[in-house]
Amino acid sequence: MLVLLILHLVVALLAPLFVRWWGPRACYPLAVAPAAAFVWALARTPAVRDGGAVVETYPWIRQLGLDVALRMTTLSWLLTLLVGGVGALVLVYCARYFTADSVGLGRFTAVLVAFAGAMLLLVLADDLLLLYVGWELTTIFSYLLIGHSTERRASRWAAAQALMVTTLGGLAMLIGFIMLGVHAGTYRWSEIAAQPLPGGGYLVAAVVLILVGALSKSAILPFTSWLPVAMAAPTPVSAYLHAAAMVKAGVYLIGMLAPVLAAVGPWRPVTIVAGLATMLVGGWAALRQTDLKLLLAYGTVSQLGLLVVLTGAGTADAALAGVAMLLAHALFKAALFLVVGIIDHGAGTRDLRELSGLRHGSGPLVGVAVLAAASMAGVPPLFGFVAKEAVFAAFIDRPVILAGLVAGTVLTVAYSVRFLWGAFADRPGVEQTPLDRIAPSLLVPAAVLAVAGLVVGPLAAGVDGLLRPYADLFGTAHAHLALWPGLTPALGLSALVLVAGGGLFALRGPLAPVLARLRAPVSGNTGYEWVIGRFDRLAVEVTSVTQRGSLPQYLATILIVLVLLPGGAMLAARPWEERVTSWGTPVQLVVALVLAVAAVLAVGARRRLTAMLLVGVTGYGTAMLFVLYGAPDLALTQFLVETATIAVFVLVLRRLPERFSVRPLRRARWLRRTLAVAVGVVAAGLAFTAAGAREAPSISAAFPELSVEEGYGRNIVNVTLVDIRAWDTMGEMAVLVVTATGVASLIFERSRTGPRPRRPEPSRRPTRPDRPIWLRGGSRLEERRRSIVLEVVTRLIFHTVVLFSLFLLFSGHNAPGGGFSGGLVASLALVVRYLAGGRYELAESAPIGAGTVLGAGLAVSVGTGVIALLAGGSVLQSARVDLYLPLIGHFYLVTSVFFDIGVYLVVVGLMLDILRSLGAEVDRHIETAGTATRGLAAEPGERP
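Residues numbered from 1 in each chain as written. Predicted model: local features only at pLDDT ≥ 70, side-chain atom pairs only at ≥ 80, totals over all residues. Heavy atoms only, no water.

Undergrad: An account of helix α21 (residues 460-471) is requested, with residue identities and associated values reported.
TA: Taking 1.5 Å as the rise per residue, α21 with 12 residues should run 16 Å; its terminal C-alpha atoms sit 15 Å apart, in good agreement. Along α21, the residues that are buried comprise A460, V463, D464, L467, R468, P469, Y470 and A471. For α21, the elements touching its buried residues are α4 (45-49), α5 (74-97), α13 (248-261), α16 (316-347), α18 (383-394) and α20 (440-456). (Helix = DSSP H or I, 4+ residues; strand = E, 2+ residues; numbered from the N terminus. Expected span 1.5 Å × (residues − 1). Buried < 20%, exposed > 50% of the residue type's maximum accessible area, 1.4 Å probe, protein only. Contact = heavy atoms within 4.5 Å.)

Undergrad: Before we move on, can you summarise unusual backbone geometry with the specific residues and values?
TA: The step from L221 to P222 runs through a cis peptide bond, and the omega angle for that step is 5°. In this fold, P222 is placed in the loop between α10 (201-217) and α11 (226-229). Cis peptide bonds are those with omega within 30 degrees of zero, and the linkage from P380 to P381 qualifies with 5°. Its place among the elements puts P381 in the loop between α17 (363-377) and α18. Backbone geometry places Y712, a non-glycine residue, at a positive phi of 60°. Note that Y712 resides in the loop between α30 (703-709) and α31 (716-724).

Undergrad: Lay out the packing of α5 against α13 with the relevant residues and their values.
TA: Between α5 and α13, the shortest axis-to-axis distance is 10 Å and the interhelical angle comes to 165°. By the criterion of interaxial angle, the relationship of α5 to α13 is roughly antiparallel. Here α5 runs over α13; the crossing is right-handed. Between α5, through L75, S76 and L79, and α13, the contact on the second element is made entirely by K248, Y252, G255 and M256. A breakdown of the residues in the contact of α5 with α13 according to their chemical character gives four nonpolar, two polar and one charged. (Axes fitted to C-alpha atoms, helices over the stretch in contact; angles between N-to-C directions. Parallel < 35°, antiparallel > 145°, perpendicular 65-115°, else oblique. Left-handed = near helix turned anticlockwise from the far one by under 90°. Nonpolar A, V, L, I, M, F, W, Y, C, P; charged D, E, K, R; others polar.)

Undergrad: Provide a residue-level description of the confidence of the model for the chain, including the pertinent values.
TA: For the chain, per-residue confidence averages 84 on the pLDDT scale, and residues scoring 70 or more make up 91% of the total. Model confidence for the chain, summarised as mean pLDDT per element, is weakest for helix α23 (residues 508-517) at 66 and strongest for helix α3 (residues 32-43) at 93. Counting interchain partners and residues more than four positions distant, the pLDDT-below-50 stretch residues 753-769 has 27 contacts. Confidence drops under pLDDT 50 across residues 933-944; counting only partners more than four residues distant or on other chains, this segment forms 19 contacts. (pLDDT = per-residue confidence, 0-100.)

Undergrad: Which residues make up the packing of aromatic side chains, and what values do they have?
TA: Enumeration over the complete set of coordinates arrives at 11 aromatic pairs. Taken together, a centroid distance of 6.1 Å and an interplanar angle of 40° make the contact between F18 and W21 tilted. Of the two residues, F18 and W21 both sit in helix α1 (residues 2-22), three residues apart, roughly one turn of that helix. Centre to centre, the rings of W421 and F505 are 5.7 Å apart; their planes meet at 65°, and the pair counts as edge-to-face. On the criterion of sequence distance, the pair formed by W421 in helix α19 (residues 399-424) and F505 in helix α22 (residues 489-506) is long-range, its members being 84 residues apart. Put simply, the rings of Y93, Y97, F98 and F108 pair up and form one aromatic cluster. The positively charged end of R427 is found above the aromatic ring belonging to W421, 4.5 Å away from the centroid. The aromatic ring of W670 is capped on one face by R673, whose charged end is 4.9 Å from the ring centroid. (Phe/Tyr/Trp six-rings, centres within 6.5 Å; stacked < 30°, edge-to-face > 60°. Lys NZ or Arg CZ within 6 Å of the ring centre and 35° of its normal.)

What follows is the structure in structure tokens.
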């Protein structure tokens, strides 16, 4: 199972490259990933036939007790077949649906394959937290797929609405998962299901929160509005996400949890009432649609309501009917969406008021649509009829629920007939709609799904044996899946709904005024817009009160709260009874006094540059304290960070006034100084309190031993970063990447990946032939800004500094250094190169995009963790490789060095991005402003 997930990831990463090579035909090889999942699940049928399970477990985050726990049972086996099979057919369909000039096809196919992998993770996860990871990944990927046409406002709005609704539901579900896991003592669902759960209000609250997430994902009332709006997505997305995959996630979750949680108080009332209401409202809305795709969308909403009723009822017969309807719905609804895509692709419209006579000359398409729609209506011998019979049989002794199901099924029959009539019938007064020739690769996927519904119907008895183990989790199921169940009340109800649905469609003319008037006073989309509008208005009101545009006020508010609340609590508790050692040696006192003096002078400084340098003194003084306390690695890092920070400050100060404002007034200055002293005292007190409040032994006490035995290194600090606490480092690297992106997006007026400064041309002024060009970019600077001494020194030391950074990188495992320190040294080399030769010299010294370096660093670090997992260890686990070279001798290599290389690249990429944004791009702004002021033309290739 893990191999399948990795296969989807690899194929998704390769998708843009394949599309660049082969165009839309790349969808054929991309279909291999979901097809492999289908074939794998099909081959595991004997393992789950009798209620067995396929289990795989891989260590992941040991501190949290979280493993990559994968488990496939009957329900997840069925979903795997649907996710893989329908996904492969949709990708085959995409090969002809899109054209070579389709915008963003590489991104689209990559996200579609990634979505299939995320859905696969969701249905195979045994751990609730891992399931949530897959859940949110499907939300993100569906957002990207729905908003594929970024130039259309409707697509962006639909994507944002789907993201908002499903994400909020997912957060509620996460809280419910955490509550349930704490309540049960484990997050493994297989373990939770195997033990009795203590009841009470706590469990009820957890169940309600989980149901909020499930209902929002499956578009159940009151979360229905996002799914019809999501029809702005390309038709293949609708066929996959909104018929066979994503919207089934909520149904799957309810079905998975129902054997254990269906007996909890609110479970059945919520699922049955919400499901029935959704079924009726969605079916009625489908009858009013004139867009074939929207008709199917509201039909999907209605069918999802039915599935929630079946999976949430908590009985064996309803569970059997639920999984049967789950299979039937995926087959007929995905096929119908693909049919709509063919019509839209070939006729140029989906409006049934404009379509006429498509049945002429398109017999195969009509046949596919009739098979799929007949299965949706429950016409024998299709599998939809078998599933509908099971539905009626499951609730034959519950007349109220049965009446709602019958009414909803009548609506289903009516809009099924309406679909066929609207798509293919001859319409009086409307010219016959021309339809382009249908390519086989468009028709075959829809035909396979429709014919599958016809083939599975007569094989209902065999399907019953495969799906019954899931129903057995609820008890003994009395009903059976069969094409001919005999003369039963369910059969009579089936005949009744077919006649009533056909009659409802036949009376569409007289009923048109009723359909027009009978609607909700406020549509779901209007309600969503109203809620979002109120939140926006509330945000404006709150912002107008709290955000006054004064950074000192914001900071003062935060600091005052810090002093009053934590500081007040500290004074009340008085936790400083232990004796405090002021200093170890007099040198520490001297350094501390220098720090204090620099801080006080920085507060009173009038010039920004002076204040920045004094703040830098406090940083260097802190590094000296590290040296005095015997922490050379921390001292080295502090020195480098402080130097890099000063360089960045210098770049920023170029665009700020030389002096601080004359405000605030003298009294306000003293108030600020008083607050600063209070914050310093509170911060020091909290640090002392935290250090003295420890009750359990410090986990860092084991770090020296762990760094040698498991990290294979003697530099405890570096081994902690790349091995013991590698997950923390991974998170910090992600933050650095986001920071770099944010800084660049705020500064750049044009694309940061667009054209860089051209290779420096010869100086505008003739140079003496005996005067060498030390730095190529220097020749582009004005004479008054050049320093030949600095250029010569930079050229002499640059490569040495870079080599030293590599030395720190590779020696840091056993000596001071590491990827972070080495990256900072290399970054400072780039800073010096930029200061000496300007932005053109920066382009010469680093002719590669900062985003590429950042992405490569993150990919190397993540890849190191994945490789360790594939090798049978835990994520980011280090391994020692002993090597021998004739001239060097015996030595060993630790795999965590590759993780450190990723850290090195991320740090270099961050600084490169800052230099190009705060440095080179600000230089361009200054030069452009100066050129415009002088009335001169801008440099070639630049916008004045």
